[in-house]
Amino acid sequence: PHVVTRDMKLAARQLEGGVLTVEDYSENKISNVSGSTPTPMRTKWKSPPAEGRLTSLAFSHDGKLLAAARDNLASSITLFEAETGREIGALTGHGSSVNAMVFWPDGKTLATAATDQTIRIWDVETRTLRRTLRGHTRPVTELVLLPDHPTPVSSSGDGTGRFWDTTTTKSP
């Protein structure tokens, strides 16, 4: 996976050996000129090698937090300060690989979708699970929020797409 902050200043991706890297793109200039040489990005930080490949990455809307999910025994999500790489916590609870993640605009809530057929809504500040959304019968593969309202929208290997009312934990 590869993810970029909304302001396009930071990008995160996986390197060989399970290393997560965050790169500074703030000096890059976007150009449509063929053959132009882009300004090289600067590596802000790299994680140590880790077990399991990265399966999903998400920046908070303000670009201050980075969530990283790995395909390992814990199926956990690690939270980092995006600028420094300091690990600030972990979210555990999915029984299998996390396939997609999205932050609420306020940066205090994270939704995760997994192969265990669930979507989990997390309180990022307290690192606690708020609720689990169930309804898909196959792995949940995609997850986004509606632009004008924090309504999660998911798609699954069961061929369905769902709009979730997070106040009732059911799919309308």
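Above this text sits the structure in question.
Residues numbered from 1 in each chain as written. Predicted model: local features only at pLDDT ≥ 70, side-chain atom pairs only at ≥ 80, totals over all residues. Heavy atoms only, no water.

Turning to the pairing of strand β2 (residues 10-14), a few remarks are in order. Bridge count between strand β1 (residues 2-4) and β2: 3 bridges; the pairing is antiparallel. Along β2, the bridge assignment pairs H2 with R13. Hairpin connection from β1 to β2: 5 residues lie between these consecutive antiparallel strands, with M8 at a positive phi of about 60°. By the bridge criterion, 5 bridges tie β2 to strand β3 (residues 20-24) in an arrangement that is antiparallel. Within β3, the position partnered with A11 by the bridge is E23. Between β2 and β3, which follow one another and run antiparallel, lie 5 residues, and G17 among them has a positive phi close to 75°. (Pairing = 2+ DSSP bridges. Helix = DSSP H or I, 4+ residues; strand = E, 2+ residues; numbered from the N terminus.)

Scanning the entire structure with this criterion turns up 7 salt bridges. For E81, the salt bridge identified is with R86, shortest N-O distance 2.9 Å. For E81, a relative accessible area of 26% gives the class partly exposed. With relative accessibility at 48%, the residue R86 sits in the partly exposed group. (Salt bridge = Lys/Arg side-chain N within 4 Å of Asp/Glu carboxyl O. Buried < 20%, exposed > 50% of the residue type's maximum accessible area, 1.4 Å probe, protein only.)

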